[in-house]
Each structure stands twice: as structure tokens, then as C-alpha cells.
Amino acid sequence: MKFDRTFESHLTNEWRQQYVNYEEMKTLLRTAVENMPNRRDKSVYEEYCLNFQDEYFAKLNSELMRVNEFFDYKMAEARRKHATLKVKLLYMKSRTSGQVVGAVRGLPPLADQPRNLRKLDRAYAEFYFSLVLLKNYQQLNYTCFQKLSDKCNKYFPSPNGFRWVQRTLDGTSLYVDVVELRDMIIEVEDIFTQYITDGDRAKAMEKLRVPPLTQPISTDYVFTAGLFMAYILFVSTNQVFIFTRMFRGSFSLMLYGFSLVGNVYVWQSVGINHVLIFDLNPRHQTVSIKLLSTASFFGYACVLAMLLFIHHKEFGVKDPLYFPLIGLVLPLVILLNPVHVMNFPARMGILKCFGRVLAAPFCYVSFADFWLADQLGSLVQCTVDYYYLIRFYMRYSMDRENTFDFEPDVVIAVLRCLPAWFRLAQCVKRYCDSKIKPVSYLVNAFAYASTIIVVVISTIQMETSCKYNSIFANPWTWVYIVSSLVSTIYCTAWDLLQDYGLFKIWKGKRIFLRNRLIYPKWFYYYAIIADLSIRFFWALEVYLIANNLLLPNNSKTLSSICEINRRFIWNFLRLENEHLFNCGNFRATRDIFLSALNSRDELLVNDLMDESRRWSGAHRDSNPIRRRAE
């Protein structure tokens, strides 16, 4: 594999701006070679080579200074984090055993303070991950500088390149501090093994080590996903809109599952770190092909249920009405299955996130929490359809006369309000938890409050429509239209300006967009048009129903599919916006918040950092290349 490809596949995307501009330096060198004068004119040729080498190595020094400053900053951050975690570990061990922790190098035990072992476990694992990323950053940049120097020597032979590596590159902390970084990684492994996993090194390394992002995909997942997908495409093309009452909920969930697989695949392809954004454990990340196998299995089961419903006589089944239960029960079985199969860590994470969403006003709100609540907002019709199914089977089991009536009731209104209520409560909770009290949280809360108002008004409008000859004779219809218009404009503006982060530029080639783009430019314009069109689909729905061009049930089917498509696009741009925010803050690992340090803790941390600095300084002084450089 060429180094260019290795460099791109192994860099940390959140630090991309802090790496050496490898392509730019290669282009500079390539341009110089193309413009090189004829070697027969020796004086002109030598002068050209000397001038270019001066310019090239000046640029290389500038790159080295920028890279080295960032590395120094991250090393200082790592030393302080390492010392802080040692202090936390010291308190925890002094509480449990009353003895000194050997890993903290002979410091006396302090007062007994309770510490959460599980949180310390996660903090050490995340710190180890950050050290691995920093080591990878050092190795990639150091190799880049060496290769750039070698390339210059190849086309402009002179001892300058070798001297630059020896006297300049090898004299920086990018080279000198690599021993300290390596020892820090080893020390974290030893501490974690001895004090977190009670001497079990295999268990410790299983928790600490992160699998490579380019790990090979199991052929079992590929075969399973392909098999189920082929079956779905073969038999479902002409069956999609046949059973909207019984199978619409299952179809909507199947469609959403495949769209989510597409989201994850694209995030991974373009380098959006969704693992960090969702605060997931990078040691249990889920690749898109595994999600595809799960979504394909569910889709296969739903399509099979449709076929059995249609051809039940051929199979000798007298009562086909129980087949739609497959689409209702199977998602719950997949999600709640305690066996470690079918993305068990991801399923447990979703369940925990669901719990926090349900307790929105009382729990700390993370990105994953309000992202999931937003997804539920796009699956409202799916939730309502599943409620219809449950109510149908309850009536069917009791042999009620109104079994086949799918009329709305008060529960439908509550279900339609719930996702908006979850987001409203989360916005208020985030506002209350924030020290700076940003008004944007309350502005966002109003968008979801307007959605609840629209649901209440539309429910009243439907309940009173039987009293009027036409839909527009009902005064609540006009109230519904006005409230929907206000809510739609408000929510669309929030999508485009805040969630997508667009309309930052008002002229030029990127008009209506922003400076940094990850996807192709056309996609953003498509997203703007799609968001506007789907947000205002309710207006077309009112027109079609009023003129008897479309049945209300069919319009709900179309609006559900459109909304899932809008959420599919929203997921791309919302996570891109969050990823760019992380890149701006150089955040590449999760923040595991431990209890704050008091004044005595700070003194202990400073003592440990001073000891680390003395060790690092002694190592620098003993380095012969460093002494020659100075």
C-alpha cells in the first residue's frame, strides 16, 4: 500500500488540520522538478537547487513547528490526565485497603474518599485510547517528514536532507518524547492490569485495546445480508402498498432500518467519527455490514409474513390475521434478546438510551439521547400503526364487533405528541443544566412545543369534521393550517440554520452553504430542497384529501415514507455538523468526567507532573542527537 493511502486511512479526522500537509509538500517538490533547468548549465542548475532547498526546508521547518506544538500540547495534556487518574486511583485504593498504591510511586495515602470504580475503569480505557491516537499521530508525522526529506534528496542530491533529519527533526519532542509516550502507555497497561482487573492482563488488554478501523469484515455477515436482501428485492416489489393497515408499521421500520445502515456506511466512508459523537465504546463499534445483516433479517421476516398472508390457503392456514404479528414481535425480540448475538453492545446501548429518553426531564441529556428522540419523531406513524395492531389483536381475541375499525382515539394523539414532548423536556433539561443558560435551547424547545400544539389542533379538527359538509367549512381546519404553517417554517429554519449549519455564505460558489464541506456540494442543495418539500407535504395532503384525490390512509403512508427519507438526509448533515465541531476543538476521544479535584489533590497532581517532567528532562539531556542539535 502506498504511503499516501496509509496516511489518509490512519490519521485521526478530528486532528486532520494538525497533520503535516503531505500532499502540499509533494506538490511543491513535483513542481520544482518539472521546472528544473537543464543540468548542462551547471551554475544555473546549482543555484536553482540551492534556492529551492532553502525554500523547501524553510517550509518543512514551518510544518514541523506547527506539528510539534500540537504534539507538545497533547503530551502536556496527557501528563496531567495521567497524574489525575493516579490520584483518583490512590484515593480509591486507600479507601478499600488503607495502603499505599504502588503505581503512584511511594506517595502516602490520603483521606478516605469514595470513588466510582466503573467510571475510573472507563476513564483509564479512554485515556489509553487517547495515548494510542497520540502515538499514531507521532508515528505518521515523523514518517511523513522523513519521506519528504528523502524525496528532496532523491531529486536534489545533497547532504542537507540527512542533516535536517539529524539536527532538526530528531531534536524535537516529536522524536524525543516518543520514549516517554511509550513508557506512559506501558505504565497505564500495568496499572490497569494490577488495580482494575486484579492482575488479569488478558482481561485488561481486552478492555484497553481498540480494534483497527480497517479490520476485515466477516464473510458470514456479507453472505447473510446478501441472501436476505436478494429475497426481499425479489418478492416485495409489487407488495409494498397492498397491506397498509396490517403491514405499514413493519414496512416503515424496515425502511428506516435500511436507511440507518446507509447512514452508518457513509459516515464511516467519509471519516465522520460517529463512535465519538454517540459516546460509544470504540472497542465495540458496529460496522455497517453487521447492521445490514440485522436489517435484512427483519426485512426478510416481514416480506415472508406478507407472502404467507397472501397465500395462506396454499399452506393450509385458516386464519392469516396472525401473520402481521411477526413484524410487531420480532423487533422486540431482536432488541431485548439477552444472548450476545446481533450487535449485543449496540442493542444494550439503545435500550439505555431509550430509558434516558423516557426519563428526559430527570436525566443528563447527551447527543445520543436527543438524536434518538428525534428519530422517534420521524417514526410516529410507525408507532401509531403498531398501536393499531395491538388494539386490533386485543379486540380480535375478544371477538368484538369493532375489531376491524381502525378509528383514531385519544391514545393516538398522545403517541403523536410523545416524541415532541421528549425533545421539549430534553431542551429544558439542557438549559437548566447549563451554566451559561444559552437561549438557543429554549428556542429549540419552542419548535417542539409548536409540534405538540399542531397535534392537539389536528385532533380537534378530525373529531369535529363530521359536523361539516366540507373540510374547509370547519373553522378548526383553518386553525390547523395556520398553526402548521408557523410550526413548519420554524422547524425548517432550525433544520437548515442550526442542525445543518448552512446559510453561512451568501455569495460566491458556495452560496447558502458554509466554508467546510465533507459531502459533494450538490448534496447540500438537494438536502435544502428535500427538507422544504417534505416539511410542507402536509399542505399537499390537505389539498388531495379535500378534493377526494387521495384517501387519508394512503396519504399517511406517503407522508411516513417521505419523513423517513427526510430523517435519512438529516442524519448525514446533523452528524457532519457535530463532527466539524469536534474537529474545531480537536476532540478525538470521549470525555469521562470524574469528581473535581480539591486543593490537596491539585498539589499531588502537580508533584506527579513535576516528577514526569524531571524524568523527561533527564532523558532529553542524555539523548546524544538532542545535545548535538543544541
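Residues numbered from 1 in each chain as written. Predicted model: local features only at pLDDT ≥ 70, side-chain atom pairs only at ≥ 80, totals over all residues. Heavy atoms only, no water.

In the nomenclature of an unreviewed UniProt entry, the protein chain is known as Xenotropic and polytropic retrovirus receptor 1 homolog isoform X2 of Drosophila hydei. Note on the protein chain: under the UniProt heading Sequence similarities (unreviewed entry), the record states "Belongs to the SYG1 (TC 2.A.94) family." (UniProt positions renumbered as here; feature names shortened; annotations may be inferred.)

Engineer: Provide a residue-level description of the overall build of the protein chain, including the pertinent values.
Structural biologist: Of the regular secondary structure elements, the protein chain holds 24 helices and zero strands. Counting across all 630 residues of the protein chain, residues that qualify as buried make up 47%. A total of about 32600 Å² of accessible surface is found on the protein chain, and carbon and sulfur atoms cover 61% of it. (Helix = DSSP H or I, 4+ residues; strand = E, 2+ residues; numbered from the N terminus. Buried < 20%, exposed > 50% of the residue type's maximum accessible area, 1.4 Å probe, protein only. Areas by Shrake-Rupley, 256 points an atom, 1.4 Å probe, with all protein chains shown as cover.)

Engineer: So, the packing of aromatic side chains: which residues are in play, and what are the values?
Structural biologist: Taken as a whole and assessed by the stated rule, the structure comprises 33 aromatic pairs. Considering the side-chain rings of Phe 392 and Tyr 396, the 5.6 Å spacing of their centres and the 15° angle between planes classify their relative orientation as stacked. Of the two residues, Phe 392 and Tyr 396 both sit in helix α16 (residues 380-397), four residues apart, roughly one turn of that helix. Geometrically, the ring pair formed by Trp 506 and Phe 512 is edge-to-face, given 5.6 Å between the ring centres and 85° between the ring planes. Here Trp 506 falls in the exposed class, since its relative accessible area comes to 57%. Accessibility expressed as a relative area gives 31% for Phe 512, which makes it partly exposed. Site record: aromatic cluster; members linked through ring pairs are Tyr 519, Trp 522, Phe 523, Tyr 524, Tyr 526, Phe 568 and Phe 572. Taking the ring centre of Tyr 431 as reference, the NZ or CZ of Lys 437 above it sits at 5.5 Å. Positioned above the aromatic ring of Trp 570, the side-chain terminus of Arg 567 is 4.5 Å from the ring centre. (Phe/Tyr/Trp six-rings, centres within 6.5 Å; stacked < 30°, edge-to-face > 60°. Lys NZ or Arg CZ within 6 Å of the ring centre and 35° of its normal.)

Engineer: Would you mind going over the UniProt feature "transmembrane region" (unreviewed entry) in the protein chain in detail, with residue names and values included?
Structural biologist: With numbering matched to this structure, UniProt assigns "transmembrane region" (unreviewed entry) to residues 221-241, 253-277, 289-309, 321-339, 439-458, 478-502 and 523-546. Between the end C-alpha atoms of residues 321-339 the distance is 30 Å, and the span holds 63% helix and 0% strand.

Engineer: Give me the side chain of Gln 53: which residues, what numbers.
Structural biologist: Looking at the secondary structure, you find Gln 53 in helix α3 (residues 42-96). Here the side chain of Gln 53 touches Phe 156 through a polar contact of 3.0 Å, landing on its backbone oxygen. The residues touching Gln 53, leaving out its near neighbours within four places in the chain, are Cys 152, Phe 156, Ser 158 and Asn 160. (Polar contact = N/O pair within 3.5 Å; in protein donor to acceptor, adjacent residues only side chain to side chain. Contact = heavy atoms within 4.5 Å.)

Engineer: Before we move on, could you go through the nonpolar core and cite the residues and values that matter?
Structural biologist: With 63 residues, the main nonpolar core has Met 246, Trp 267, Trp 371, Tyr 519 and Leu 575 as its most contacted residues. Broken down by element, this core gets its largest block of residues, nine residues, from α16. Beyond its immediate sequence surroundings of up to four residues, Tyr 519 is in contact with Val 266, Trp 267, Val 270, Ile 272, Tyr 524, Phe 572, Leu 573 and Glu 576. Leu 11, Phe 71, Cys 144 and Ile 185 belong to the second largest nonpolar core, which has 58 residues in total. (Core = buried A, V, L, I, M, F, W, Y, C linked by side-chain atoms within 4.5 Å.)

Engineer: Tell me about the pattern of salt bridges, residues and numbers included.
Structural biologist: Under the counting rule described, the total for this entry stands at 25 salt bridges. The residue Asp 433 makes a salt bridge to Lys 429 at a minimum N-O spacing of 3.4 Å. In this pair, Asp 433 and Lys 429 are both assigned in helix α17 (residues 410-433), four residues apart and thus about one turn of the helix distant. Judged by relative accessible area, which is 40%, Asp 433 ranks as partly exposed. A salt bridge links Asp 495 to Arg 566, with the shortest nitrogen-to-oxygen separation between them at 3.1 Å. Of this pair, Asp 495 sits in helix α19 (residues 475-499) while Arg 566 is found in helix α22 (residues 552-584), placing the two residues 71 residues apart along the sequence. Through salt bridges with shared partners, a single ionic network connects Asp 495, Asp 531, Arg 535, Glu 563, Arg 566 and Arg 567. (Salt bridge = Lys/Arg side-chain N within 4 Å of Asp/Glu carboxyl O.)

Engineer: Provide a residue-level description of a positive patch on the surface, including the pertinent values.
Structural biologist: On the surface, a cluster of positive charge is made up of Arg 118, Lys 119, Arg 122 and Lys 352. Counting residues per element, the positive patch draws most heavily on helix α4 (residues 117-155), which supplies three residues. With a relative accessible area of 36%, Lys 119 lands in the partly exposed category. (Patch = residues over 30% accessible without salt bridge, like charges linked within 9 Å, V, L, I, M, F, W, Y side chains within 5 Å. Lys, Arg positive; Asp, Glu negative; His and termini not counted. Charge placed at Lys NZ, Arg CZ, Asp CG, Glu CD.)

Engineer: Can you break down the packing of α4 against helix α7 (residues 178-196) residue by residue, with the values?
Structural biologist: Between α4 and α7, whose axes approach to 10 Å, the crossing angle comes to 155°. Taken together, the axis directions place α4 and α7 in an arrangement best described as roughly antiparallel. In the packing of α4 onto α7, the handedness of the crossing is left-handed. Where α4 approaches α7, its residues Leu 117, Leu 120, Asp 121, Tyr 124, Ala 125, Phe 127, Tyr 128, Leu 131, Leu 134, Lys 135 and Gln 138 are matched on the opposing element by Val 178, Leu 181, Met 184, Ile 185, Val 188, Glu 189, Ile 191, Phe 192 and Ile 196. Each residue belonging to the contact of α4 with α7 can be placed in one class, and the counts come to 16 nonpolar, one polar and three charged. (Axes fitted to C-alpha atoms, helices over the stretch in contact; angles between N-to-C directions. Parallel < 35°, antiparallel > 145°, perpendicular 65-115°, else oblique. Left-handed = near helix turned anticlockwise from the far one by under 90°. Nonpolar A, V, L, I, M, F, W, Y, C, P; charged D, E, K, R; others polar.)

Engineer: How would you summarise unusual backbone geometry if you had to cite specific residues and measurements?
Structural biologist: Phi at Asp 198 takes a positive value of approximately 55°, unusual for a residue other than glycine. Inspection of the secondary structure puts Asp 198 in the loop between α7 and α8 (201-208). Using a relative accessible area of 67% as the deciding quantity, one classes Asp 198 as exposed. Although it is not a glycine, Asn 548 sits at a positive phi angle of roughly 55°. The class for Asn 548 is exposed, based on a relative accessible area of 72%.

Engineer: I'd like a rundown of the confidence of the model for the protein chain, residues and numbers included.
Structural biologist: Across the protein chain, the average pLDDT comes to 80, with 82% of residues at 70 or higher. By mean pLDDT, the top-scoring element of the protein chain is helix α20 (residues 521-535) (95), and the lowest-scoring one is helix α24 (residues 624-629) (37). The model gives residues 98-115 a pLDDT under 50, and that stretch makes 48 contacts with residues more than four places away or in other chains. Overall, residues 622-630 carries pLDDT values under 50, and its contacts beyond four positions in sequence, including any with other chains, amount to 13 contacts. (pLDDT = per-residue confidence, 0-100.)

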